[in-house]
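# Tertiary structure, described
Below, each chain spelled out in residue letters.
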Amino acid sequence: MKRWLSAAAVAATFAFGAANAQTNWTISHPLPTANTHYGAGATAFKEAVERLTNNRIRVTIQRNDNEREMIESMQIGTLDAAITSTGPIGNFVPDVRIVDIPFLFRDYDHARGVLDSQIGQDLLARFTPRGIIALAWTENGFRNLTNSRREVNSPDDVRGLKVRTMENQVHMRAFSTLGALPTPMAFSELVPALQQGTVDGQENPLSVIIGNNLNQVQRFISLTRHVYSPAVVMMAPSSFTRLSAADQALVRQAAAIAAKAQRDKVSSDEASGVEELRRRGMTVNTNVDTAKFVEALRPAFAEFGREFGADKIAAIQNWKP
Ligand code: EAX
């Protein structure tokens, strides 16, 4: 009986495979257009997968501004692929929270270098037992504080501000240490919350503020660059593991191409972003007292050291190419 069943199953698979060589995937990302850093990453992924597999795999791009939902959908297999920030990822893969520590990375070269090194590759491997295949690190960018109330120069100006954070325990702890009132919510809830005054401010990289037109609902931006926000090209195990080893290698190659395209768009948004936001009418403070923010966060850094290991944090801070 068993043998008969499996023979039938093989025959059915063969017939299905022959008639239906096409695999169709969806990749989701959080921003509204292709002309954003996530859009660039998703578009590069689609084009590279289709080209490298000679269109045996076709990819559709879809927006979903709820990052937690995308991760859950990949875990249960209703979404094939996604690019999201690490915002909610620590709730699924706790080890990843270490890269969400404020002022951990000095600049883009440092962050990209660490994530592409063994340290970052080891972190990608931690996703697998949690039901997600992490293919490559890419990025969202250094985050900056915006608000509707006042110009922010130092931590004193942040006291008492209601700030939307991502659903990220590390970020929330940092903002409460600064004396702000962190209010975690999904990205999909952010614009209505700012419009209704549920929160005074939010923080995001220039590329997100521009790509999602947050200048329409916020007046002040300060280049706090208080935390680097990594992003990850991910897949559902159910979609990835059914591929042959050769196709898996092609998809990994496509993910690396996507990761680079997204980082390149962040770099160009960083180069033109301040000017663009001024043009759109925001008051931009480029002269933030960063040292005071680092000082004010000391108690939080001590906690992160105990939680994630001071040696592991130092290994990231002292990393050299
Ligand atoms: O990843 O939720 C956020 O603020 C993220 O930075 C945004 O969705 C892009």
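That block above? That's the structure.
Just so it is clear, the structure is predicted and the values come from calculations on it, not from any experiment.

### Things to note about the side chain of Ser 85
Looking at where Ser 85 falls in the secondary structure, it is placed in strand 3 (residues 81-85). Polar side-chain contacts of Ser 85 include one of 2.7 Å to the side chain of Glu 67. Not counting residues within four places of it along the chain, the set of residues in contact with Ser 85 comprises Tyr 38, Glu 67, Asn 140, Met 166, Ser 229, Pro 230 and Ala 231.

### Comments concerning the packing of helix 4 (residues 108-116) against helix 5 (residues 118-125)
Where helix 4 contacts helix 5, the axes come no closer than 4 Å and their chain directions differ by 55 degrees. In terms of their interaxial angle, helix 4 and helix 5 are classed as oblique. Contacts from Val 114, Leu 115 and Asp 116 of helix 4 reach helix 5 at Gln 118, Ile 119, Gly 120 and Gln 121. Residues that form the contact of helix 4 with helix 5 fall into these classes: three nonpolar, three polar and one charged.

### Quick notes on the environment of Arg 68
If you trace the backbone, Arg 68 turns up in helix 3 (residues 67-76). Taking the C-alpha atoms as reference points, Arg 68 and Gln 169, 101 residues apart in sequence, are found 14 Å from one another. Once you skip the residues sitting within four places of it in the chain, Arg 68 turns out to touch Pro 88, Phe 92 and Glu 167.

### Structural notes on unusual backbone geometry
One non-glycine residue, Asn 55, lies in the positive phi region at around 65 degrees. For Asn 55, the location among the structural elements is in the loop between helix 2 (37-52) and strand 2 (57-63). Here Asn 55 falls in the partly exposed class, since its relative accessible area comes to 37%. If you check the backbone angles, Arg 225 has positive phi at about 40 degrees while not being a glycine.

### Considerations on the side chain of Asn 212
Looking at the secondary structure, you find Asn 212 in the loop between helix 8 (206-211) and strand 8 (220-235). Classification of Asn 212 as buried rests on a relative accessible area of 14%. Each residue touching Asn 212, except ones within four places of it in the same chain, is listed here: Leu 31, Pro 32, Arg 63, Phe 187 and Val 191.

### Section: the packing of helix 12 (residues 298-308) against helix 13 (residues 310-317)
Two elements in contact, helix 12 and helix 13, have axes whose closest approach is 6 Å; the angle formed by their N-to-C orientations is 110 degrees. Classified by the angle their axes make, helix 12 and helix 13 are roughly perpendicular. Contacts between helix 12 and helix 13 involve Phe 304, Gly 305 and Phe 308 from the first element and Ala 310, Lys 312 and Ile 313 from the second. Split by residue class, the contact of helix 12 with helix 13 holds four nonpolar, one polar and one charged.

Cut-offs used in this document
- Counting starts from 1 at the beginning of each chain's written sequence and moves along it residue by residue.
- At least 70 in pLDDT is required for a residue's local features to be given in this predicted model, at least 80 for side-chain atom pairs to be given and counted, and no such filter applies to totals for whole chains, interfaces and linings, which use all residues.
- In computing side-chain values, all of the structure's heavy atoms are included and hydrogens and water are not.
- The secondary structure listing takes helices from DSSP runs of H or I that are at least 4 residues long and strands from runs of E that are at least 2 residues long, numbered from the N terminus.
- We define a polar contact as two N or O atoms separated by no more than 3.5 Å, with the added condition that, inside protein, one atom must be a possible hydrogen donor and the other a possible acceptor, whereas residues neighbouring each other in sequence contribute only through side-chain atom pairs.
- Residue contacts are defined here by distance: any two heavy atoms, one from each residue, within 4.5 Å place the two residues in contact.
- Here an axis means a line fitted to C-alpha atoms, over the contact stretch when the element is a helix, while the angle between two N-to-C directions is reported on a 0 to 180 degree scale.
- Oblique is the label for every angle not falling under 35 degrees (roughly parallel), over 145 degrees (roughly antiparallel), or within 65 to 115 degrees (roughly perpendicular).
- Gly falls in the polar group here, along with every residue not listed as nonpolar (Ala, Val, Leu, Ile, Met, Phe, Trp, Tyr, Cys, Pro) or charged (Asp, Glu, Lys, Arg).
- Accessibility here uses a 1.4 Å probe with only protein chains present; expressed as a share of the type maximum, an area under 20% marks a residue as buried, one over 50% as exposed, and anything in between as partly exposed.

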